[in-house]
4 protein chains.
Amino acid sequence: MSEKLAVAVLGAAGRMGSEAVAAVEAAEDMELVAALGRTDPLETLVSAGARYVVDLTVPDSTEANVRFAVEHGMHAVVGTTGWDAERLGRLADLLETSPGTGVLIAPNFALGSVLASAFAAKAARYFESVELIELHHPDKVDAPSGTAVRTAQLIAAARAEAGVAPSPDATTKALPGARGAEVDGVHVHSVRLRGLVAHQEVLLGGPGEQLTIRHDSFDRASFMPGVLLGLRQVAGHPGLTVGLDGYLNLND
Amino acid sequence: MSEKLAVAVLGAAGRMGSEAVAAVEAAEDMELVAALGRTDPLETLVSAGARYVVDLTVPDSTEANVRFAVEHGMHAVVGTTGWDAERLGRLADLLETSPGTGVLIAPNFALGSVLASAFAAKAARYFESVELIELHHPDKVDAPSGTAVRTAQLIAAARAEAGVAPSPDATTKALPGARGAEVDGVHVHSVRLRGLVAHQEVLLGGPGEQLTIRHDSFDRASFMPGVLLGLRQVAGHPGLTVGLDGYLNLND
Amino acid sequence: MSEKLAVAVLGAAGRMGSEAVAAVEAAEDMELVAALGRTDPLETLVSAGARYVVDLTVPDSTEANVRFAVEHGMHAVVGTTGWDAERLGRLADLLETSPGTGVLIAPNFALGSVLASAFAAKAARYFESVELIELHHPDKVDAPSGTAVRTAQLIAAARAEAGVAPSPDATTKALPGARGAEVDGVHVHSVRLRGLVAHQEVLLGGPGEQLTIRHDSFDRASFMPGVLLGLRQVAGHPGLTVGLDGYLNLND
Amino acid sequence: MSEKLAVAVLGAAGRMGSEAVAAVEAAEDMELVAALGRTDPLETLVSAGARYVVDLTVPDSTEANVRFAVEHGMHAVVGTTGWDAERLGRLADLLETSPGTGVLIAPNFALGSVLASAFAAKAARYFESVELIELHHPDKVDAPSGTAVRTAQLIAAARAEAGVAPSPDATTKALPGARGAEVDGVHVHSVRLRGLVAHQEVLLGGPGEQLTIRHDSFDRASFMPGVLLGLRQVAGHPGLTVGLDGYLNLND
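All of these numbers come straight from a predicted model, not from anything done at the bench. (Residues numbered from 1 in each chain as written. Chains lettered and ligands numbered in written order. Predicted model: local features only at pLDDT ≥ 70, side-chain atom pairs only at ≥ 80, totals over all residues. Heavy atoms only, no water.)

**As for the environment of D:Ala120**
Residues and elements named next belong to chain D.
- In this structure, alanine 120 sits in helix H5 (residues 111–123).
- Overall, the relative accessible area of 0% leaves alanine 120 in the buried class.
- Discounting residues that sit within four places of it in the chain, alanine 120 has contacts with Thr151, Ile155, Val202, Leu204 and Ile213. (Helix = DSSP H or I, 4+ residues; strand = E, 2+ residues; numbered from the N terminus. Buried < 20%, exposed > 50% of the residue type's maximum accessible area, 1.4 Å probe, protein only. Contact = heavy atoms within 4.5 Å.)

Structure below.
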């Protein structure tokens, strides 16, 4: 019988952190050995015997947390934002001194969302037209959503690489805004509706056919299967991985 | 056994007209007594014994066609555009001199589209949020579509009458166009995609729930059930009716 | 300025009841004067000055609760199940003795769901084909859902009354279950999927077109706008009303 | 400048064949050198200088056609059904004698459909629940569709290989057929609706999220981009390839 993974959660009192605490506790192959809040000392990770660390804290503390983990040979799964190129570079350097240790930094742990973006980019090379609709609750302040912008950029890059022409569009007479925003040439439409959470639809069209890839996020719980998958695989991926798709077997 | 309706089609050589000819011929309760092209004299309607006329011609000739029909006591079902307030007024005056005759002028004969607009307007009073997405083939030159603009206007009027507040929207940071066009305060998004024909989706949202009313038009054939329904009911609706919804029992 | 409605909630400790307590407290035109649990005496309604009662209790106690309310001239909005024909008959008799009092008994307070069913029944007369898909979380024990069965029955009744032929179906070779369950001749398909809550889609098809009416219930909160609408209108509908659609202006 | 591909179409008088003739003629990088009907001799392929053959004939003649092409060093793209294991084996043997020649046999040339199936199988490993809905016109005699059965089998195989548990289902009380047909443990629902052509939706659900992959086929034209892609790539894939997905770069 295989031993359980000894997992510590940093940021355990936050919204995401408390979900992670519950998810790790519920996972049969894991043991929660520590759940740290803002003021708890990192040394607790060592005394508790953590081998895996989930960081769901804030941009100000995430880098120090992850460096501490790596310096003590612990693998880390990181959902905190704020990892710019400089921080990633420093972390990659550090990981070279600890060759068996793995770190996963992911802006998005919802498996469905990660898969939807990857599939959309793959498919976008084969269709004449592609547009994107994202739908969120009306309290959201930015439009389009960050995920939609990233997906549109991935799609645009895949089409550029494959030499696909821009999506055809004969519009000559339009009300301002009707055709949406353009992100690298991809039209993106943002719907805001009470009752919704976070939803995204990529529409691909060719002669006589349409392919639609839609992701619905109903609840923060949607991130937890991705966090658990990260924990189970991070030791098998030494070094730095950015993006959960690096762990998904999309190429089988 | 009831007699068959004696129907003549004007504009029989056009795309819509030829569909109508086929639809009337296939209807068991109708007989096609005449199918006139551009150069055929209207007197043929009389000699052929037409009691019902379907006008699917062009804006330049539709008024004369319909007046001829009314003057000869024939009921008319009209799908041609170009009927402005002045023309409608003249026709209403004429119909007063022929009290048993009915005329239906409908910008849209697709039953599903007419029902979708009517339902959307009814429902819009009960939801905090409403937005509209219309999707068409990429050869369309205008955005939003005329049907979408009309639907948005109906929705806005229904909400104004019921005293509903505008749909909430916290957006403060948006790419130009992301939130669509505004028609009387209703956000409308226009997608253009190869492979599509004509599609429209009204999204209504309230706390914890969403109502979606979608219409897909795949083919010009979608207009024919509405034309046949118009023919079957026009004699029972003497005078002028504008819009197929006037014949649908939406209030049972 | 109009006075606030004095509302009492029965079953206030339950899942629905506690949502109702919060919704009434948040409504600017209402005042919560009592929130009763299982063991609280009904006399509290009188001493608290309740004029409106929301009953969200259990089948065993709902009849006594509503009778108490009516006998004291309080209007009642009832979401509890268990009201069979016998109970409804007794209640109607009682209401005749209190002609100014209104009672609304509704199996479903989600406005979107009630509207979707009503629209589906209206539209079903005009389309050759109609089928129903309902989608729920996988912990649900019955299939199809009660709402789907009721919607299918409404659709079947509307088609029968209008003399519409059964939906065409050339299937001669099918795996068992592929074509779904039949409810009064309407095909109903039940999907069970982790992540979902309660969703229903009515598909109507005619030559070249499709009309889709979909309702998504993401959260119990979706019932509260219907409860509040019931409270605001119950005094204007004296006597017994069954079904929230009786209060919706679907026939304007 | 690269030379044009010299293409012959077999079965040119059929529905698919005539579409292929038009598509090849419209492609700027191809030249149609022959379009053969049932009674035309295969030797015409040689005299016309065909280097590529599209076979869209009937099961009775497809094997002889393809063997003739291979024996003359022509690459072949085949959309005809009837290629069982025995025929495929014989063809593979023949191709060993002509090592530079490529043959693509594909049951489905709609790029969107092929991509949808591939994506569904990839994603099915990561979700707790998966079900399938296919929707077709009501003149279809079999349910579920062949494509739906194949997609369900691919999904089931991918889940079995990854050790995923069956989709959860607490149903204990169901009307017959409500939960659909089971194909290798995957629930499949078949909708038949006037107005539709061929549509398929794979629903994948996990805690708090849903991924939906939908393909709509509106028109036979949807097969042509796949046929052209096959022609452009078949020379670069010597030997036998079964399934268009073998030519799609799904693993980049």
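**A few points about unusual backbone geometry**
- A cis geometry characterises the amide bond from A:Ala143 onward to A:Pro144, with omega recorded as -5 degrees.
- With respect to the helices and strands, the residue A:Pro144 is situated in the loop between strand E7 (142–143) and helix H6 (146–162).
- Of note, B:Asp184 is a non-glycine position whose phi angle comes to about 50 degrees, a positive value.
- Topologically, B:Asp184 is positioned in the loop between strand E9 (181–183) and strand E10 (186–192).
- Residue B:Asp184 is classed as exposed on the basis of its relative accessible area, which comes to 56%.

**Remarks on the pattern of salt bridges**
- In the structure shown here, the tally under the stated rule is 48 salt bridges over all chains.
- Residue C:Arg194 is joined to C:Asp139 by a salt bridge in which the shortest nitrogen-to-oxygen separation is 3.3 Å. Of this pair, C:Arg194 sits in the loop between strand E10 (186–192) and strand E11 (198–206) while C:Asp139 sits in the loop between strand E6 (129–136) and strand E7 (142–143), and the two are 55 residues apart along the sequence.
- For D:Glu86, the salt bridge goes to D:Arg90, with nearest N and O atoms at 3.0 Å. Placement of the pair is D:Glu86 and D:Arg90 together in helix H4 (residues 85–96), with a separation of 4 residues, close to one helical turn. (Salt bridge = Lys/Arg side-chain N within 4 Å of Asp/Glu carboxyl O.)

**Notes on the interface of chain A and chain B**
- Contacts between chain A and chain B engage 46 residues on the former and 45 residues on the latter.
- Here chain A and chain B share 2 salt bridges between them.
- Here B:Arg194 ties to A:Glu128 by a salt bridge, and the two come within 2.8 Å at their closest N and O atoms.
- If you look at where chain A meets chain B, you find 22 residue pairs in polar contact (both at pLDDT 80 or more). (Polar contact = N/O pair within 3.5 Å; in protein donor to acceptor, adjacent residues only side chain to side chain.)

**What to know about the packing of aromatic side chains**
- Applying the stated criterion across every chain yields a total of 4 aromatic pairs over all chains.
- Ring centres of A:Phe119 and D:Phe119 lie 4.3 Å apart, and the angle between their planes is 5 degrees; this geometry places the pair in the stacked category. Residue A:Phe119 is found in helix H5 (residues 111–123), and its partner D:Phe119 is found in helix H5; the two belong to separate chains. There is no split in this pair, since A:Phe119 and D:Phe119 are both buried. (Phe/Tyr/Trp six-rings, centres within 6.5 Å; stacked < 30°, edge-to-face > 60°.)

**Focus on the sheet that holds strand E13 (residues 239–242) of chain B**
All names here are of chain B.
- Read across the open sheet, the 6 strands follow the order E2-E1-E3-E4-E5-E13; overall the sheet is parallel. Looking at strand neighbours, the two that pair on one side only are strand E2 (30–36) and E13, the edges of this open sheet. When strand polarity is set aside, the average angle formed by the axes of neighbouring strands in this sheet is 20 degrees.
- Of the pairings in the sheet, the one linking strand E5 (residues 102–105) to E13 comprises 4 bridges and is parallel in character. From the neighbouring strand, valine 103 faces E13, where its bridge partner is leucine 240. (Pairing = 2+ DSSP bridges. Axes fitted to C-alpha atoms, helices over the stretch in contact; angles between N-to-C directions.)

**Thoughts on helix H3 (residues 59–71) of chain D**
All names here are of chain D.
- For H3, with 13 residues, the first-to-last C-alpha span of 19 Å sits near the 18 Å given by 1.5 Å per residue.
- Looking at the buried positions of H3, the neighbouring elements they touch are strand E1 (5–10), helix H2 (43–47), strand E3 (52–55), strand E4 (75–78), H4 and strand E5 (102–105).
- Remark: glycine 73 follows H3 within two positions and exhibits a positive phi of approximately 70 degrees. (Expected span 1.5 Å × (residues − 1).)

**Examining the packing of helix H1 (residues 15–26) of chain C against helix H7 (residues 224–234) of chain C**
Residues and elements named next belong to chain C.
- At a minimum axis separation of 10 Å, H1 and H7 run at an interaxial angle of 60 degrees. By the angle between their axes, H1 is oblique relative to H7. Helix-helix and strand crossings are classified by hand; for H1 and H7 the assignment is right-handed. Where H1 approaches H7, its residues Met16, Glu19, Ala20, Ala23 and Val24 are matched on the opposing element by Met224, Leu228 and Leu231. (Parallel < 35°, antiparallel > 145°, perpendicular 65-115°, else oblique. Left-handed = near helix turned anticlockwise from the far one by under 90°.)

**Some thoughts on the domain arrangement of chain A**
- Under the domain assignment, chain A is made up of domain 1 (5–105 + 221–247) and domain 2 (111–218).
- The centre of domain 1 of chain A, based on its C-alpha atoms, is set 31 Å off from the matching centre of domain 2 of chain A. (Domains from an automatic or database assignment.)

**Focus on the sheet that holds strand E1 (residues 5–10) of chain A**
All names here are of chain A.
- The strand order across the open sheet built from 6 strands is E2-E1-E3-E4-E5-E13, with neighbouring strands paired in parallel fashion. A strand with exactly one partner marks an edge of an open sheet, and here the two such strands are strand E2 (30–36) and strand E13 (239–242). Averaged over neighbouring strand pairs, the angle between their axes works out to 15 degrees when direction is ignored.
- Bridge count between E1 and E2: 6 bridges; the pairing is parallel. Counterpart to leucine 10 in the pairing with E2 is leucine 36.
- Against the sheet, helix H1 (residues 15–26) engages E1 and E2, with an angle of about 155 degrees to E2.
- Contacts from helix H4 (residues 85–96) reach strand E5 (102–105) and E13 within the one sheet, and its direction differs from that of E13 by about 145 degrees.

**Some points on the pairing of strand E3 (residues 52–55) of chain C**
All names here are of chain C.
- Residue alternation in E3 divides its side chains into two sets, Tyr52 and Val54 and Val53 and Asp55, and both sets are buried.
- The pairing of strand E1 (residues 5–10) with E3 spans 4 bridges and is classified as parallel. Considered in E3, the bridge of valine 9 is made with valine 54.
- Of the crossover connections in this fold, the one passing from E3 over helix H3 (residues 59–71) to the parallel strand E4 (residues 75–78) is right-handed. (Right-handed = clockwise from strand over helix to strand, strands pointing away.)

**Observations concerning the side chain of C:Lys140**
Residue and element names in this part refer to chain C.
- Within the fold, lysine 140 resides in the loop between E6 and E7.
- On the accessibility criterion, lysine 140 (16% relative accessible area) is buried.
- Within polar-contact distance, the side chain of lysine 140 engages the side chain of aspartate 142 at 3.2 Å.

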